[in-house]
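Chain and residue survey
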Amino acid sequence: LFYMLYLTNVKHVLCFQRVALLVASDIDALCACKILQALFHCDQVQYTLVPVTGWQDLGTAFLEHKEQFRYFVLINCGANVDLLEMLQPDDDSVFFICDTHRPVDVVNVYNETQIKLLIKQDDDLGVPPYDDIFRDEDDEEGGDSGNESDEGSEPSGKRRRFDEVLFCRGSVCHVQYEYHGTSASMMFFELAWVLTKDTKDMLWWAVIGLTDQWVHDKITHMKYVTDIATMQRHVSRHNHRNEDEENSLSIDCMRISFEYDLRLTLYQHWSLYESICNSCYTSCNFKLWTLNGQKKLQEFLADMGLPLKQVRQKFNSMDMSIKENLRDVIEESSNKYGLKDIRIQTFGVHFGFKNRFLASDMVHATAALLESTEKDESDSDNFIKALDSLSRSNLERLHSGIELAKRKLMAIQQTVASCICTNLILSQGPFLYCYLMEGTPDVKLFSKPIALTLVTLSLMVFFDVEKGTVIVVGIPPESETSDKKNFFGRAFEKAAESTSSRTLHDNFDTSIIELKTDDRSKFLDALITLLS
Amino acid sequence: MDSSEVEFLAEKEMVKIIPNFSLDRIYLIGGDLGPFNPGLPVDVPVWLALNLKQRQKCRIVPPAWMDVEKLEEMRELERKEDTFTPVPSPYYMELTKLLLNYASDNIPKADEIRTLVKDIWDTRIAKLRLSADSFISQLEAHAKLDNLTLMEINTIRAFLLDSLNCMYKLRSNLQPGSSKGQFTDY
């Protein structure tokens, strides 16, 4: 059932056991994993870390480890399916799940012995009450009084039976949409806080996890702001604890500060001009793929009085006089050009004299490392590299991540520009559809196609040459009031069923699937009829 | 001897910590430790203090000599005297490095302390080099140096011994009629 707080006696049990950590491949999960690893080190709990990328991976990992481990911790995977059904574990296996995917499968919610969910109480779960969907055995037995031979052997006490009929009737709406809850790393940070073992490092990882949800458009703006406020309370608590006029901290200690900073990706590690050109928000609002857009950008820079030579050089080398008021100057001018939200609440960290990073910088760098497409690198190598880049002692890795992220952003921009300019976007009834041909730069670079959402594409298709399959990503339309609930998951499933297309629903996000190229057209037709 | 060995020996020094857990007395081969009660200071060896600190189970109290004013005085004294002045602790350099690496959030004005200790170290090493230089060049037979720490001795050991060996070889070759190899006249 639910465990809002990690009870110390449960923790005591884990101290003397070995634990298997199964972690999904997204930044929030990585941050949560780092926090949990730090907690395990404090209490010297032995654990095995297994990165998983999809349901199949999860199944294989479980089969490999089920002999040696009784306790499994799943991070950002497993809550939205009937886990016991899928994995068929022994009766003494216990699963601790901290997953942001919603809706949580009702069987997981109401299982009392084997599945323990770490969820915040006020997260909107919309779980129907127990009686609506489970029918207890007692009711059934009453009706079977005629069957004498079986009654004596049945154990006393209620047994649950998941009643399909009642479930379908009661909660059709419940599983229609998928969305995300509070970030897993924030959950683990709260756990550390309750155990009074929270450190600034953990706080920073929690901030990065939260920022990942925002950067990749998984939560609403309201939720992001609320969570930022929660984090801000922790940050002030930590800052108060250590700063004192008399005994100031060593410069090498980590300092986290609240920043109301610009929404220009990686601008402090790049040049201002490059950052403006390659950030989704600015490039889409200015429409930088058109000549008009370019002109507007030049006007914008001139309006702020920023000479081109300054703006094109590395940010750190810009004149101090320009850097001082940069944020206010940019905000003023952006309002004139219709970019109302150029500034966003976030956090920055600095330690040592040289090292300053914003939370979004870290997210992009780590994401680039996680999904890096260099040859000879397996998924788990990338996972470990990305995990390493989150530690303060691995700054080189972080910097290489930043370089990779820059390349990725530039590739995204070029692709977007070419798609729009060459009219690759087709309107197919209820959605817009864009097909990226073989010639586009490395496909895997685009497994995070969030950049394209701001261009109001609702559906994108990528071509994977090796496997002859296509990756389909469904993204709901972008609007001011959108609650980020994604209906594409169910739509994909139904369309696949009705046309018996060969699909692979392996990703933990049900809105991302793989589809055989040959079935593409009939799948899309089915999808069109479904969504109309 | 390697500097890491010297650091290992330095970890046996005692330092005061304030634990946040409780544990009865523990009986180790090197001696007894504890009992540990949350909030009450207890003396433990540095290796244990660092381990507990990393597991967030204690707070380290900086030793009495690790204070800006005291270190400033020591530095001035060191600069004035020609010989070596008494050191705050036989392992002052290693302890500074270890404690400032792992527990700099428990030590006030950590950066200044680091600079001051480095200044003291530099002055002493300079004196040591001068002394070694004069010892070798003036072919002295013995020297007496007070108040040197193991780390400083270790720094100069390899050089001093090798150069003295070289000098001995050169000297013994110059003496006519010595049993070691003679120069043939060319």
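Everything numeric here is computed off the predicted structure, so don't read it as measured data.

Reading the values: rules and limits
- Residues numbered from 1 in each chain as written.
- Chains lettered and ligands numbered in written order.
- Predicted model: local features only at pLDDT ≥ 70, side-chain atom pairs only at ≥ 80, totals over all residues.
- Heavy atoms only, no water.
- Helix = DSSP H or I, 4+ residues; strand = E, 2+ residues; numbered from the N terminus.
- Buried < 20%, exposed > 50% of the residue type's maximum accessible area, 1.4 Å probe, protein only.
- Areas by Shrake-Rupley, 256 points an atom, 1.4 Å probe, with all protein chains shown as cover.
- Axes fitted to C-alpha atoms, helices over the stretch in contact; angles between N-to-C directions.
- Parallel < 35°, antiparallel > 145°, perpendicular 65-115°, else oblique.
- Contact = heavy atoms within 4.5 Å.
- Nonpolar A, V, L, I, M, F, W, Y, C, P; charged D, E, K, R; others polar.
- Pairing = 2+ DSSP bridges.
- UniProt positions renumbered as here; feature names shortened; annotations may be inferred.
- Left-handed = near helix turned anticlockwise from the far one by under 90°.
- Phe/Tyr/Trp six-rings, centres within 6.5 Å; stacked < 30°, edge-to-face > 60°.

Comments concerning the overall build of chain A
In terms of regular secondary structure, chain A is built from 24 helices and 18 strands. Looking at chain A residue by residue over its 532 residues, the buried ones come to 52%. When the accessible area of chain A is evaluated, it comes to approximately 24,900 Å², of which 50% is carbon and sulfur surface.

Thoughts on the packing of helix H1 (residues 3-10) of chain B against helix H6 (residues 150-174) of chain B
Residue and element names in this part refer to chain B. Where H1 meets H6, the closest approach of the two axes is 10 Å, and the angle between their N-to-C directions is 170 degrees. Taken together, H1 and H6 sit at an angle that is classed as roughly antiparallel. Of H6, the residues touching H1 (which contributes Ser3, Val6 and Leu9) are Leu150, Met151 and Asn154. A class-by-class count of the residues in the contact of H1 with H6 yields 4 nonpolar, 2 polar and no charged.

Concerning the sheet that holds strand E11 (residues 343-351) of chain A
Residues and elements named next belong to chain A. Spatially, 3 strands are ordered E10-E11-E12 in an open sheet, and the strand pairing comes out antiparallel. Taken across any chain shown, the strands that pair with only one partner, and hence form the sheet edges, are strand E10 (255-262) and strand E12 (355-358). Between one strand axis and the next, the sheet turns through 30 degrees on average, direction left out of account. Here 4 bridges tie E11 to E12, and the two strands are oriented antiparallel to one another. Among the inter-strand pairings, Phe351 is bridged to a residue of E12, identified as Asn355. Contacts from helix H18 (residues 326-336) reach E10 and E11 within the one sheet, and its direction differs from that of E10 by about 30 degrees. Where helix H19 (residues 359-370) meets the sheet, its contacts fall on E11 and E12, and the angle it forms with E12 comes to roughly 85 degrees.

Digging into the UniProt feature "domain: GINS subunit" (unreviewed entry) in chain B
Mapped onto this numbering, the UniProt entry gives "domain: GINS subunit" (unreviewed entry) at residues 65-167 of chain B. Secondary structure content for residues 65-167 of chain B is 68% helix and 0% strand, while the C-alpha to C-alpha distance between its ends is 41 Å.

Re the packing of helix H2 (residues 27-43) of chain A against helix H11 (residues 200-215) of chain A
Residues and elements named next belong to chain A. Packing of H2 against H11 leaves a shortest axis separation of 8 Å and a crossing angle of 165 degrees. On the basis of their axis angle, the class for H2 and H11 is roughly antiparallel. The handedness of the crossing between H2 and H11 comes out as left-handed. Where H2 approaches H11, its residues Ile27, Asp28, Cys31, Lys34, Ile35, Ala38 and Leu39 are matched on the opposing element by Met202, Trp205, Ala206, Ile208, Gly209, Asp212 and Gln213. Each residue belonging to the contact of H2 with H11 can be placed in one class, and the counts come to 9 nonpolar, 2 polar and 3 charged.

A word on the packing of aromatic side chains
Residue and element names in this part refer to chain A. Counted under the stated rule, the structure contains 11 aromatic pairs over all chains. Taking 5.4 Å as the distance between ring centres and 20 degrees as the angle between the ring planes, the aromatic pair formed by Phe72 and Phe95 counts as stacked. Of this pair, Phe72 sits in strand E3 (residues 71-75) while Phe95 is found in strand E4 (residues 94-98), placing the two residues 23 residues apart along the sequence. Like Phe95, Phe72 is buried.

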